[in-house]
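Chain by chain, the residues run as shown.
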Amino acid sequence: MDFNLSEEQLMIQQAARDFAQNELLPGVIERDRDQKFPTEQVKKMGEMGLLGMMVDPKYGGAGMDSVSYVLAIEEIAKIDASAAVVMSVNNSLVCAGLEKFASEEQKIKYLTPLASGQVIGAFALSEPEAGSDATSQKTTAEDKGDYYLLNGIKNWITNGGNASYYVVIAQTDPEKKHKGINAFIVEKGWEGFEIGPKEDKLGIRGSDTHSLIFNNVKVPKENRIGEDGFGFNFAMAVLNGGRIGIASQALGIASGAYELALKYAKTRKAFKTEIINHQAIAFKLADMATQITAARMLCYKAATEKDAGKDISESGAMAKLYASQVAMDTTIEAVQIHGGYGYVKEYHVERLMRDAKITQIYEGTSEIQKIVISRSIAK
């Protein structure tokens, strides 16, 4: 086992860290307050190759490994978890799925602009009655010969308002249940495709989350991904990889909160000494540092197994389950260490605490991760 990062990985980590500090930190509080999407920052992320990190360069990607991806998302999420989830969705749920399962024509037309950062994508699986139960798709795609007729509503779609291309999961043959589900590439602006109002969220407020409404949207047959009935397997495959992205986002939120708490504890004085010298505070920081390191190792393990072509359903679920819990615990303690200042927006930790909660919910709740893990260990 080698726990050392390569020179290239360290360079990627440093580049992401510099970008986060120089480009994302200015205005991050205002973007959170105003629910403002980081348009210019995301554009620069695309120019840096952060939106198609693991995609083959022949399709506009950066051709990097999954550990580099974890490193970059952690650094971005330390400062702006909203920008990190834009990056995670585009990389893990959209680009990764298209590169692995799309036709060559689909890759050239859709993957190349997505991976090169010219546009961003969205992944539409969740519905009003189909969140954790992904088999209960009410959105329908009726086969009309050379096209499908798409009808239904999707909820909680990250990048919903700013995406150009959407990977949409829909039911074609209800009698076949999950084996009748398909995945389609839908373009913004198609007739009958409407984007609902932006959700007013607790956290990741810079990320745009919308409902999508499909009313007799004609989707060309060539925009179906894979064979007929492949949609559910497609969704489960990309979600496995997506868990690494969200685990890394949670890791970044936790490590960002820890770094702020540590810095504050070294300067804030109480009872004539810096508060880090008080065991009550020192032990909190010791727990935070240990848990974050453990979460980081789980993320690295899942990423390494992904690059090795192994089944990452268990390791990805473990990474997301644990890292999201660490994010929640660490941010709460970071607010506590800051005392009254922790409740004030200018100190950042209250925002990180609000951002942390969603990592236990989206792309599979913590309860779903436990189902995945328990089924795996029972085999």
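- An unreviewed UniProt entry lists the protein under the name Cyclohex-1-ene-1-carbonyl-CoA dehydrogenase, with Chryseobacterium potabilaquae given as the organism.
- The UniProt entry for the protein carries this comment under Sequence similarities (unreviewed entry): "Belongs to the acyl-CoA dehydrogenase family."
- Entered under Cofactor (unreviewed entry) in the UniProt record, the comment concerning the protein runs "FAD".

### Overview of helix α11 (residues 366–378)
Then step 1. If you check α11, its first and last C-alpha atoms are 18 Å apart, about what 13 residues at 1.5 Å a residue would give, namely 18 Å.
Then step 2. Within α11, burial applies to Ser366, Ile368, Gln369, Val372 and Ile373. Burial along α11 is one-sided: seen end-on, the buried residues are contained in an arc of 160°. For α11, the exposed residues lying more than 90 degrees away from the buried face are Glu367, Lys370, Arg375 and Ala378.
Then step 3. Those residues of α11 hidden inside the fold are in contact with α7 (231–267) and α9 (313–338).

### Observations concerning a nonpolar patch on the surface
Then step 1. On the surface, a nonpolar cluster with roughly 410 Å² of combined accessible area is contributed by Met1, Phe3 and Met297.
Then step 2. With respect to the helices and strands, Phe3 occurs in the segment before α1 (7–24).
Then step 3. Among the residues examined, Phe3 registers a relative accessible area of 57% and is labelled exposed.

### A look at the domain arrangement of the protein
Then step 1. Taken as a whole, the protein is organised into domain 1 (7–120), domain 2 (122–231) and domain 3 (232–378).
Then step 2. Distance between the C-alpha centres of domain 1 and domain 2: 22 Å.
Then step 3. The largest contributions to the domain 1 side of the interface with domain 2 come from Gln35, Tyr110 and Ile120, which together make up 31% of the buried area.
Then step 4. Among the ionic pairs, Lys109 bridges to Glu187, the shortest N-O distance being 3.7 Å.
Then step 5. Joining domain 1 to domain 2, the criterion identifies twelve residue pairs in polar contact (both at pLDDT 80 or more).
Then step 6. Contributing elements (two or more residues each) for the side of domain 1 that touches domain 2: α2 (28–34), α5 (81–101) and α6 (104–115).
Then step 7. Residue classes in the side of domain 1 that touches domain 2 are distributed as 16 nonpolar, four polar and five charged.

### Things to note about the pattern of salt bridges
Then step 1. If you walk through the whole model with that rule in mind, you get 18 salt bridges.
Then step 2. Among the salt bridges present, the one from Lys78 reaches Glu75, with a minimum N-O distance of 3.2 Å. Taken together, the residues span about one helical turn, with Lys78 and Glu75 both in helix α4 (residues 66–79) at a distance of three residues.
Then step 3. Overall, Glu75 belongs to the buried group, its relative accessible area being 3%.
Then step 4. Taking the shortest distance from any N to any O, the salt bridge between Glu350 and Arg354 comes out at 2.9 Å. Residue Glu350 and its partner Arg354 are both found in helix α10 (residues 349–357); the two are separated by four residues, about one turn of the helix.

### A short note on the UniProt feature "domain: Acyl-CoA oxidase/dehydrogenase middle" (unreviewed entry) in the protein
Then step 1. Those places that UniProt annotates as "domain: Acyl-CoA oxidase/dehydrogenase middle" (unreviewed entry) correspond, in this numbering, to residues 122–217.
Then step 2. As annotated, residues 122–217 has a helix share of 0% and a strand share of 50%, and its two end C-alpha atoms lie 17 Å apart.

### As for α6
Then step 1. Listed as buried for α6 are Gln106, Lys107, Tyr110, Leu111, Pro113, Leu114 and Ala115.
Then step 2. Next to the buried residues of α6 lie α5, β1 (121–124), β4 (165–171), β5 (181–187) and β8 (224–225).
Then step 3. In the stretch just after α6, Gly117 is the one whose phi turns positive, near 85°.

### Regarding the side chain of Asn223
Then step 1. The topology assignment puts Asn223 in the loop between β7 (209–220) and β8.
Then step 2. The buried category is assigned to Asn223, whose relative accessible area is 4%.
Then step 3. With sequence-adjacent residues up to four places away left out, Asn223 is seen in contact with Gln106, Tyr110, Ala183, Phe184, Ile185 and Trp190.

Basis of the calculations
One numbering rule holds for all chains: residues counted from 1, following each sequence as written. Local features in this predicted model are restricted to residues of pLDDT 70 or higher, and side-chain atom pairs are both shown and tallied only at a pLDDT of 80 or more, whereas totals for entire chains, interfaces and linings draw on every residue. With hydrogens and water excluded, all non-hydrogen atoms of the structure serve as input to the side-chain values. UniProt positions are given in the numbering used here, feature names are shortened, and annotations may be inferred rather than shown by experiment. Where helices and strands are cited, they refer to DSSP runs of H or I of at least four residues and of E of at least two residues respectively, numbered from the N terminus. An expected span of 1.5 Å times one less than the residue number is assigned to each helix. Burial status follows relative accessibility: with a 1.4 Å probe on protein chains alone, a residue under 20% of its type maximum counts as buried, one over 50% as exposed, and anything between as partly exposed. Throughout, the arc means that of the directions going from the helix axis to the C-beta atoms. The criterion used for residue contact is that any of the two residues' heavy atoms lie within 4.5 Å. Surface patches are defined over residues having more than 30% relative accessible area and no salt bridge, joining like charges when they lie within 9 Å and nonpolar side chains (Val, Leu, Ile, Met, Phe, Trp, Tyr) when within 5 Å. Areas reported here follow the Shrake-Rupley algorithm with a probe of radius 1.4 Å; residue values treat only the protein chains shown as occluding. Between Lys or Arg on one side and Asp or Glu on the other, a salt bridge is scored when a side-chain nitrogen of the former is within 4 Å of a carboxyl oxygen of the latter. Each domain span listed reflects an automatic or database assignment of domains. Buried area: the sum, over both parts, of the accessible surface (1.4 Å probe) that disappears when the two are put together. Polar contacts here mean pairs of N or O atoms no more than 3.5 Å apart (in protein, one a potential hydrogen donor and the other a potential acceptor; neighbouring residues in sequence count only if both atoms are side-chain atoms). Residue polarity follows a fixed list, in which Ala, Val, Leu, Ile, Met, Phe, Trp, Tyr, Cys and Pro are nonpolar, Asp, Glu, Lys and Arg are charged, and the others, Gly among them, are polar.

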